[in-house]
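# Chain and residue survey
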Amino acid sequence: MLAVLAMLAMASCNNQDKQAEALYREAETLFEQKDYNAAKIMIDSIKTACPKAFDTRKKAIGLMQRVELAEQQRSVAYLDSLASVWQQAFDEIKGRYLYRKNPEYQDKGTFIVPSQDLARNNNRTMLVASTDEDGVMRLTSVLVGRPIDHHVLKVTLRADGTFAETRRSDLYYTSTHLGVVTEKAEFEVGRTDGGLVDFILANQGKPLTIECQGSRTATRQLTKQEKDAIASVHQLANVLANLHTIAQQRTEAENKINFIKARMSESSGAVKALDAR
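Since the model is a prediction, treat every value here as computed from it, not as a measurement. (Residues numbered from 1 in each chain as written. Predicted model: local features only at pLDDT ≥ 70, side-chain atom pairs only at ≥ 80, totals over all residues. Heavy atoms only, no water.)

## Re the side chain of aspartate 134
- In this fold, aspartate 134 is placed in the loop between β3 (126-132) and β4 (137-144).
- A relative accessible area of 17% means that aspartate 134 is categorised as buried.
- Of the polar contacts made by the side chain of aspartate 134, one reaches the side chain of lysine 108; its length is 2.6 Å.
- Those residues within four positions of aspartate 134 in sequence are excluded, and the remaining contacts are Lys108, Leu240, Ala241 and His244. (Helix = DSSP H or I, 4+ residues; strand = E, 2+ residues; numbered from the N terminus. Buried < 20%, exposed > 50% of the residue type's maximum accessible area, 1.4 Å probe, protein only. Polar contact = N/O pair within 3.5 Å; in protein donor to acceptor, adjacent residues only side chain to side chain. Contact = heavy atoms within 4.5 Å.)

## With respect to the sheet that holds strand β6 (residues 163-165)
- Read from one edge of the open sheet, 4 strands run β6-β5-β9-β10, paired in antiparallel fashion. Two strands lie at the open edges of the sheet, namely β6 and β10 (217-221), each paired on one side alone. Neighbour-to-neighbour, the strand axes of the sheet open up by a mean angle of 15°, direction not taken into account.
- Pairing between strand β5 (residues 152-157) and β6: 3 bridges, direction antiparallel. (Pairing = 2+ DSSP bridges. Axes fitted to C-alpha atoms, helices over the stretch in contact; angles between N-to-C directions.)

## Here we look at the nonpolar core
- Ranked by internal contacts, the top residues of the largest apolar core, which has 34 residues, are Leu127, Met137, Leu139, Ile200 and Ile230.
- Those elements that place two or more of their residues in this core are α3 (54-93), β3, β4, β5, β8 (180-188), α4 (196-202), β9 (208-213) and α5 (224-276).
- Not counting chain neighbours up to four residues away, the residues in contact with isoleucine 200 comprise Leu127, Val155, Leu208, Leu222, Lys227 and Ile230.
- Leu23, Tyr24, Cys50 and Val67 belong to the second-largest nonpolar core, a separate cluster that totals 17 residues. (Core = buried A, V, L, I, M, F, W, Y, C linked by side-chain atoms within 4.5 Å.)

The structure is reproduced here in structure tokens:
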């Protein structure tokens, strides 16, 4: 009885070996055709369908590493081509902006339109749009005159009264020059701007009223120059944000490539060690 069971087990193993080899060859073909997802599915099926085909399963591990490596290398090539497109878009428009960076306290520089350069707008109340090098856009409400400690902005469409309102600013500061007080409240787009930028862009050609809300409310009309600056900086921020995201994704892909190569090197070293015994 034991002899019969042993023969059946051996036959089962032989069948699994043949099936595993067939699956492995199919996975290799898919790999060569650059159908990496299908190749991985086929490799995974070897373990499921042929759990006792140990030699083939060991080979399949190496093939899986090659597939994963090729996937990441393809990702890097794609990201490089994508980065080239966005870099060209940046190069085409960067001349429209001023770049400012103080190395003493800034890790990243800031872009603004020339008309909103504060050095050229002393003692002027205005809404300034800026973006950093990573595409994080901000609005800075500059209010000159009697301080009102404003931390909230509200922009209203005069035609129908619809509006957008910021959250409370978490970056507020004041300065005094020749007896004139300037207060600034900053709002980060997507975090504290409350959809203000999107609202302004959607109604760019229409009369808009802006309120600076604090101990009292200071109201004025949003100028065409301010609306145009917001639209222009928003365009730049989109380009920079895409470049930043692509750079992050490329770094992740490179890290995965290095990790896979290290695993492949370890596996190769382990095989050589076994062969040397």
